[in-house]
Amino acid sequence: MGLYLNIGNQNFAEFSRTQYFVDKSQLINKLLKKDITEKFVCNSRARRFGKSVTADMLVAYFSKGADSRHLFAPLKCVKDALFLESMNAYDTIFVDIQAQFKEAEFENEEPNRYISREIVRELQTEYADIELGEMSVMNALSAIYDKKGSRFVIIFDEWDYPIREFGEEDPHRRAYTEMLRGLFKNNAAKSYIRLAYLTGIMPIVRTKEQSAVNNFMEYTMTNPMDLAQDIGFTEEEVFSLCERAGVDFEQMKEWYNGYDFNGIAMYNPLSVVRAVSTKRFQQYWSVTGTYGDIDDLISRNFDGLREDIIRMLSGNRVAVNVSNGKNDLQFFKNKSEVLTALIHLGYFAYDAKTQEAYVPNKEIQEVFYQYMEDNESDDLSRFMKVSGRILGAVMEGDAAETARQIQSVHNDFVSSIEYNDENSLSCTIMIALISAFRYYHKPIREFPAGKGLADIVYLPRSNHPGRPVIVVELKWDKSAEAAVAQIRKKQYPESLREYSGEILLVGIDYDKKSKEHACVIESVR
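Analysis parameters
Residues numbered from 1 in each chain as written. Predicted model: local features only at pLDDT ≥ 70, side-chain atom pairs only at ≥ 80, totals over all residues. Heavy atoms only, no water. Helix = DSSP H or I, 4+ residues; strand = E, 2+ residues; numbered from the N terminus. Buried < 20%, exposed > 50% of the residue type's maximum accessible area, 1.4 Å probe, protein only. Areas by Shrake-Rupley, 256 points an atom, 1.4 Å probe, with all protein chains shown as cover. Pairing = 2+ DSSP bridges. Axes fitted to C-alpha atoms, helices over the stretch in contact; angles between N-to-C directions. Contact = heavy atoms within 4.5 Å. Phe/Tyr/Trp six-rings, centres within 6.5 Å; stacked < 30°, edge-to-face > 60°. Salt bridge = Lys/Arg side-chain N within 4 Å of Asp/Glu carboxyl O. Expected span 1.5 Å × (residues − 1). Disulfide = S-S within 2.5 Å.

Q: Honestly, the overall build of the protein chain in this entry has me stumped. Any pointers?
A: Tallying secondary structure elements over the protein chain gives 22 helices and 16 strands in all. Overall, the C-alpha framework of the protein chain stretches about 90 × 50 × 35 Å when taken along its three principal axes. Relative to its 525 residues, the protein chain shows a buried fraction of 58%. Accessible area of the protein chain: about 22300 Å², with a carbon and sulfur share of 47%.

Encoded structure:
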């Protein structure tokens, strides 16, 4: 048992004994059944989605010399003949690329030479009768296969670290891609590799420089294919955790649900586990790294980028082309590339059917909200202050100020929204009231109430019981008074009294001739 070769099953054994363990072992069955053209797998997911735990599981299953039968016996994996004969049957090389680059830096060595030398050193110990000398990993594996017929499983965690962190001309990055090319693109690789499994954050980019990995099957946040539910927690798994721990599932759903993989609702595992263990629903992202990511990306002043982010934070969706995504996080050509990077990092979710991006849940809203509070000079922060004034005006029943501030939002922040109907007006109103999310649930459009459907309804959160329900009715080129009259006529307040003792009726109209908003606010108790 070494640091790279056949490191055993201890990590997975310890994790599988925790009270928050979720069984993802059926991934093994899927990987075993992939044919010769599919055995090179790159499975990228956002941070905190359980990538490293999954890598530990694969190491425990494949590593020669370990006995993992007792670990997998109670799990969901199908114990067919292929599964049983493959268990602990392969020399397994595991490398945490980021950790080893850091270790090489500490040792003041070139990281790729360091990694290659240490792997070959362990291979030499295991295969003492084969002279490996100073061979590259590729040549060492090829020599071992030729002499012994041994096949290898290679697992790289954080495989994309050098590509994410270093520029294209950086020698460490270039040396790394050459190492990948040597390992996976030579003719012998199909023979000596049983499975190559790369896991990281960003997807493979199909460029000449990264042709080292263009033979990999790619599974991503935007296209997870048949591995959709194998990284991350499904709703059923989260419900089971909540039930065992006595935690409110509906609050868990609001805070951490929202990622869509092939129509399957997925949750960020680390946030769910922390909420279950602490019984506190809050933002669990790493503050320093998170804010750095956001600032680096949205500070790129592409036309319409901040406006699209504002739209998504308000509960709306935006179209995005994810086909030309970047993975180096260094250079971007347009707004879509930045938004795609934010999707892969987990800050936005992606609906492949509609090809739209959106904010998945309250936790991510909180991440952006806190970012904006800490960056007072940023345009997003400036907008949040305006939204706060609008919410305050609504609470005070100041219709004139509400209309004036909504007008400024449309003019200064989302001028690209052209009013053609009440639906386009509703986008602006939801944007104007972004600041409500800390006190209210996500705004509900077309809310069934009374004898009809209310245009937009804000229901107060349980930890803000003193807040009124806000019912917004919209008119386009009519009158704000008519909007409030419709709320009363269709008896919306009667069906909303269970949520609060006070209901604010907010009627908003846009006059297409004057291009001005009008507002009427009434309180019902």
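Continuing now.
Q: Explain unusual backbone geometry here, please?
A: It is generally the case that most residues other than glycine have a negative phi and that most peptide bonds are trans. For Asn 6, which is not glycine, the phi dihedral falls at a positive 50 degrees. Of note, Asn 6 is situated in the segment before helix H1 (10-16). Residue class for Asn 6 comes out buried when judged on its relative accessible area of 7%.

Q: Would you mind showing me how to read the sheet that holds strand E15 (residues 503-511) here?
A: Neighbouring strands of a sheet are bound in pairs by backbone hydrogen bonds; such pairs are parallel or else antiparallel. If you trace the 5 strands from one edge of the open sheet to the other, you get E12-E13-E14-E15-E16, paired in mixed fashion. The open sheet has two edge strands with one neighbour each: strand E12 (444-449) and strand E16 (516-524). When the angles between neighbouring strand axes are averaged without regard to direction, this sheet yields 35 degrees. Relative to the sheet, helix H21 (residues 422-432) contacts E12, strand E13 (452-458), strand E14 (469-476), E15 and E16, its axis offset from that of E14 by approximately 140 degrees.

Q: What's the story with the packing of aromatic side chains in this structure? I'm lost.
A: Any two aromatic rings considered together are summarised by their centre-to-centre distance and by the angle between their planes. Evaluation of the coordinates by the stated rule reveals 28 aromatic pairs. Ring geometry for Phe 40 and Phe 184: centres 6.3 Å apart, planes at 80 degrees, overall edge-to-face. With Phe 40 in strand E1 (residues 40-44) and Phe 184 in helix H10 (residues 171-184), this residue pair connects regions lying 144 residues apart in the sequence. Accessibility assignment for this pair places Phe 40 and Phe 184 in one class, buried. On the numbers, 6.2 Å between centres and 65 degrees between planes, the contact of Phe 62 with Tyr 90 is edge-to-face. Here the residue Phe 62 occupies a position in helix H3 (residues 51-62), and Tyr 90 occupies one in the loop between helix H5 (81-86) and strand E2 (91-96), the gap between them amounting to 28 residues.

Q: Help me out: how do you make sense of the pairing of strand E4 (residues 193-200) in this one?
A: Working note: regular strand, side chains alternate between the two faces of the sheet. With respect to burial, E4 is a largely interior element, 8 of its 8 residues being buried. Looking at chain direction, E1 and E4 are connected through 5 bridges and run parallel. Within E4, the residue paired with Asn 43 across the bridge is Thr 199. Here 6 bridges tie strand E3 (residues 152-157) to E4, and the two strands are oriented parallel to one another. Within the sheet, the bridge partner assigned to Ile 155 lies in E4 and is Tyr 197.

Q: Whenever I open this one, the environment of Asp 303 confuses me. Can you help?
A: By the element assignment, Asp 303 lies in the loop between helix H15 (287-298) and helix H16 (305-313). Overall, the relative accessible area of 74% leaves Asp 303 in the exposed class.

Q: What's the story with the pattern of salt bridges in this structure? I'm lost.
A: Summed over the entire model, instances satisfying the criterion amount to 26 salt bridges. The closest approach of N and O atoms between Glu 118 and Arg 117, which form a salt bridge, is 3.0 Å. The salt bridge partner of Arg 121 is Glu 118, with a shortest N-O separation of 3.3 Å. Of this pair, Arg 121 and Glu 118 are both found in helix H7 (residues 111-126), 3 residues apart, which corresponds to roughly one turn of the helix. Within the structure, one salt-bridge network assembled from shared partners comprises Glu 109, Arg 117, Glu 118 and Arg 121.

Q: What is the right way to read the side chain of Arg 173 from this model?
A: Within the secondary structure layout, Arg 173 lies in helix H10. Classification of Arg 173 as buried rests on a relative accessible area of 2%.

Q: Would you explain the sheet that holds strand E10 (residues 349-351) in this entry?
A: Reading across the sheet, the 3 strands line up as E9-E11-E10 and stay open at both edges, with antiparallel pairing between neighbours. Strands with a single pairing partner mark the edges of an open sheet, and in this sheet they are strand E9 (318-319) and E10. As paired elements, E9 and strand E11 (residues 356-358) share 2 bridges and run antiparallel to each other. Within E11, the position partnered with Ala 319 by the bridge is Glu 356.

Q: What's the story with H3 in this structure? I'm lost.
A: Residue pairs three or four apart in sequence face the same way in an α-helix, which turns once every 3.6 residues. For H3, spanning 12 residues, the distance from its first C-alpha to its last is 17 Å, which sits close to the expected 16 Å at 1.5 Å a residue. Of all the 12 residues making up H3, 10 are buried; the element is thus mostly covered by neighbouring parts of the structure. Buried residues of H3: Lys 51, Thr 54, Ala 55, Asp 56, Met 57, Leu 58, Val 59, Ala 60, Tyr 61 and Phe 62, and no others.

Q: Please explain the pairing of E1 as it appears in this structure.
A: Burial of E1 is extensive: 5 of the 5 residues sit out of reach of the surface. Alternating residues of E1 divide into Phe 40, Cys 42 and Ser 44 and Val 41 and Asn 43, and every residue in both groups is buried. Summarising the sheet, E1 and strand E5 (residues 217-219) pair through 3 bridges and their orientation is parallel. Paired with Asn 43 across the strands is Tyr 219, a residue of E5.

Q: Whenever I open this one, the state of the cysteines confuses me. Can you help?
A: In a disulfide, the sulfur atoms of two cysteines are held together by a covalent bond. Tallying each qualifying case throughout the model produces 0 disulfides. Counting only cysteine sulfurs, Cys 519 is the nearest neighbor of Cys 427, a cysteine outside any disulfide, at a range of 18 Å. On the basis of relative accessibility, which here comes to 18%, the residue Cys 427 falls in the buried class.

Distances and angles like these do not, on their own, reveal function.
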